[in-house]
Amino acid sequence: MELIFIRHGQPQWEIDGGGVDDPELTDIGHRQAELIPSFFADRPIDRLVVSPLVRAQQTAQPLIEAFNLEPETHDWIAEIRAPEWQGTPSEVIEKAFAQQRRRPLNEQWEAIPGAESFREFHDRVVGGLTAFLSDIGCNRARQFPPLWEMNHEGPRIVFVAHSGANAVSLGHLLGIEPVPWEWERFVAFHASISVVRPMHIASSLSFSLFRFSDTAHLPTELHTR
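Residues numbered from 1 in each chain as written. Predicted model: local features only at pLDDT ≥ 70, side-chain atom pairs only at ≥ 80, totals over all residues. Heavy atoms only, no water.

A.B. asks: Which residues make up the nonpolar core, and what are the values?
C.D. replies: One finds Met1, Leu3, Leu133, Phe159, Leu173 and Phe207 to be the most contacted residues of the largest nonpolar core, which totals 28 residues. Every element with two or more residues in this core is listed here: β1 (2–7), α4 (118–135), β7 (147–150), β8 (156–161), α5 (163–174) and β10 (204–214). Considering every element that reaches this core, the biggest residue donor is α4, with seven residues. What Phe207 contacts, discounting residues up to four positions off in sequence, is Met1, Leu3, Cys138, Trp148, Leu173, Leu174, Val196, Arg197 and Pro198. With 20 residues, the next largest nonpolar core counts Ile6, Phe40, Val50 and Val195 among its residues. (Core = buried A, V, L, I, M, F, W, Y, C linked by side-chain atoms within 4.5 Å. Buried < 20%, exposed > 50% of the residue type's maximum accessible area, 1.4 Å probe, protein only. Helix = DSSP H or I, 4+ residues; strand = E, 2+ residues; numbered from the N terminus. Contact = heavy atoms within 4.5 Å.)

Here it is as structure tokens:
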């Protein structure tokens, strides 16, 4: 079994000084996405799971075309839902995020007005990932230490999603206590690749982070975050 988490390419978060709620990729983002298949030149992909958001869908397209894959779109792996900020001046958006980071620790789990709270987001991603893995016969056997059970080798699954959603997924698989700033604890570059593999521990399995935010498939000038 191998679980591969890809962050989308660079998105066009701003147009004419205003925010974009569900952005497309920039020209750089498309170039980043086009180079992702090179990472899988000798690595067959069994399943491709993609966030419904445009930047993830566009990032997955070169993989779909290169390997003739049938993508599976899953809402649970979409990024945390922000307020409706379409056209809102970028400085207003940046100020809102800065204010959020300065809130007292016990309030960090709560949402910016009009957004999904981190607690809701975490529950959505973990619940979706748990159900997804259960469907392929991989189930949590023990909370701590984090051990899993699987009665077969398992497929190679690629998830094309987002910094926050991927970070929550990795934290859950590795048994790391969540915090409401996962994006900053697991800093992933655009179009980077993180790989998780199970290893045998006693009679169970434990997930190991084999690669994190790997950008070896991208030239230096395409390293963005």
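A.B. asks: Provide a residue-level description of the environment of Gln58, including the pertinent values.
C.D. replies: Its location among the elements puts Gln58 in helix α2 (residues 54–67). In the structure, Gln58 is positioned 33 residues away from Leu25 in sequence and 7.1 Å away in space, judged by C-alpha atoms. In contact with Gln58, not counting residues within four places along its chain, are Glu24, Leu25, His30 and Ala33.

A.B. asks: Explain helix α3 (residues 90–101) to me, and be specific about the residues and the numbers.
C.D. replies: Within an α-helix, residues lying three or four positions from one another point in the same direction, as the helix has 3.6 residues per turn. With twelve residues, α3 should reach 16 Å at 1.5 Å per residue; the first-to-last C-alpha distance of 17 Å fits that figure. Inspection of α3 places Ser90, Ile93, Ala96, Ala98 and Gln100 among the buried residues, and these make up the whole buried set. Along its buried surface, α3 packs onto β2 (14–15) and β3 (18–19). (Expected span 1.5 Å × (residues − 1).)

A.B. asks: Explain the packing of aromatic side chains to me, and be specific about the residues and the numbers.
C.D. replies: Enumeration over the complete set of coordinates arrives at eleven aromatic pairs. Ring centres of Trp148 and Phe207 lie 5.3 Å apart, and the angle between their planes is 70°; on these two criteria the pair is classed as edge-to-face. Linking Trp148 in strand β7 with Phe207 in strand β10, this pair joins segments that are 59 residues apart in sequence. Here the two residues Trp148 and Phe207 agree in accessibility, since each one is buried. Among the aromatic residues, ring-to-ring pairing joins Phe5, Trp76, Phe132 and Phe159 into one connected group. The residue whose ring lies beneath Arg197 is Phe210, and the NZ or CZ to ring-centre distance is 3.7 Å. (Phe/Tyr/Trp six-rings, centres within 6.5 Å; stacked < 30°, edge-to-face > 60°. Lys NZ or Arg CZ within 6 Å of the ring centre and 35° of its normal.)

A.B. asks: Any chance you could break down the pairing of β10 for me, citing the residues and the numbers?
C.D. replies: Of the pairings in the sheet, the one linking strand β9 (residues 193–201) to β10 comprises eight bridges and is antiparallel in character. Considered in β10, the bridge of Pro198 is made with Phe207. Hairpin geometry of β9 and β10 is characterised by an intervening segment of two residues between the two adjacent antiparallel strands and by a positive phi of about 55° at Ala202. (Pairing = 2+ DSSP bridges.)

A.B. asks: Please set out the pattern of salt bridges residue by residue, giving values where relevant.
C.D. replies: Tallied over the entire structure, the rule returns eight salt bridges. Arg225 is the partner of Glu184 in a salt bridge, and the nearest nitrogen-oxygen pair spans 4.0 Å. On the criterion of sequence distance, the pair formed by Glu184 in helix α6 (residues 182–185) and Arg225 in the segment after β10 is long-range, its members being 41 residues apart. Residues joined in a network through salt bridges with shared partners are Glu2, Arg156 and Arg197. (Salt bridge = Lys/Arg side-chain N within 4 Å of Asp/Glu carboxyl O.)

A.B. asks: Tell me about helix α1 (residues 27–35), residues and numbers included.
C.D. replies: All of the buried residues in α1 are Gly29, Gln32 and Ala33. One face of α1 carries all of its buried residues, which in axial projection span an arc of 100°. Along α1, exposed side chains directed more than 90 degrees from the buried face belong to Asp27 and Glu34. Residues of α1 that are buried in the fold lie against α2. (Arc of directions from axis to C-beta.)

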